[in-house]
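The residues making up each chain are set out below.
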Amino acid sequence: MKHYADPIPHGTTTSVHFFGHPAHAMLVPFPIAFLVSVFASDLAWWTWSDPFWARMSLWLAGGGALSGIVAGAVGTAELLAVRDIRRRAAAWSHFVVAVMLLSVGMANWGLRLGDAEAAIVPMGLYLSGLGVLLVGVAGWLGGTLVFEHRVGVLNEDEED
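Asks: Describe the side chain of Arg112, naming the residues involved and giving the relevant values.
Replies: Take Arg112: it is sitting in helix α5 (residues 89-112). With residues near it in sequence (within four places) discarded, Arg112 still touches Val38, Asp42, Ser57, Leu58, Ala61, Ala119, Ile120, Gly124 and Ser128.

Right, dumping it as structure tokens:
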């Protein structure tokens, strides 16, 4: 229990990386782009009623859910593998919001599998809008970890 009294060091390198680059940070742009774009394509369908946008939303929701699972698995591995990351409240908050986001993304995709057009109003728009909100919160918390706590950032003396 004594290690809980130790101060948390400023800056924690990751153990889940490719050639020194944090894997989670490389993977999260994909689900972010997909899940935000679902909302945009839902709005496009709502505006023009073109079936293309409903199909686009279906594919984007699936891509966001599946790539989010991959990014989430890597982020979870990092959280569980690195003690100094686990000791930060922001890391656990980021984890909880990301799990909520994945749940919403999977539900949104599953909703659309039967009839992509019928799923958009109202529930599809609600879920994709909620997804955008959760992406923002998870991104804010992830940014807090990187920019304030320096999680996953190499120190200058470690680069050599």
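Asks: Please give an account of the packing of helix α2 (residues 29-48) against α5 that cites residues and values.
Replies: The geometry of α2 relative to α5 is characterised by a closest axis approach of 11 Å and an angle of 40° between their N-to-C directions. On the basis of the axis angle, α2 is oblique to α5. As for the relative orientation of α2 and α5, their crossing is left-handed in sense. The segment α2 lies against α5, with Leu35, Val38 and Asp42 engaging Leu101, Gly105, Asn108 and Arg112.

Asks: So, a nonpolar patch on the surface: which residues are in play, and what are the values?
Replies: Nonpolar side chains collect at one region of the surface, where Phe18, Phe19 and Met26 lie side by side and expose about 410 Å² of accessible area between them. Residue class for Phe19 comes out exposed when judged on its relative accessible area of 85%.

Asks: So, the pattern of salt bridges: which residues are in play, and what are the values?
Replies: For the structure on display, the rule yields three salt bridges. Taking the shortest distance from any N to any O, the salt bridge between Asp42 and Arg112 comes out at 2.6 Å. One end of the pair, Asp42, is in helix α2; the other, Arg112, is in helix α5, with 70 residues separating them in the sequence. Comparing Asp42 with Arg112, the two get one shared label, buried. When the shortest N-O distance is used, the salt bridge between Asp84 and Arg83 registers 3.9 Å. Given the relative accessible area of 35%, Arg83 is considered partly exposed. Members of the salt-bridge network, linked through shared partners, are Arg83, Asp84 and Arg87.

Cut-offs and rules
- Residues numbered from 1 in each chain as written.
- Predicted model: local features only at pLDDT ≥ 70, side-chain atom pairs only at ≥ 80, totals over all residues.
- Heavy atoms only, no water.
- Helix = DSSP H or I, 4+ residues; strand = E, 2+ residues; numbered from the N terminus.
- Contact = heavy atoms within 4.5 Å.
- Axes fitted to C-alpha atoms, helices over the stretch in contact; angles between N-to-C directions.
- Parallel < 35°, antiparallel > 145°, perpendicular 65-115°, else oblique.
- Left-handed = near helix turned anticlockwise from the far one by under 90°.
- Patch = residues over 30% accessible without salt bridge, like charges linked within 9 Å, V, L, I, M, F, W, Y side chains within 5 Å.
- Areas by Shrake-Rupley, 256 points an atom, 1.4 Å probe, with all protein chains shown as cover.
- Salt bridge = Lys/Arg side-chain N within 4 Å of Asp/Glu carboxyl O.
- Buried < 20%, exposed > 50% of the residue type's maximum accessible area, 1.4 Å probe, protein only.

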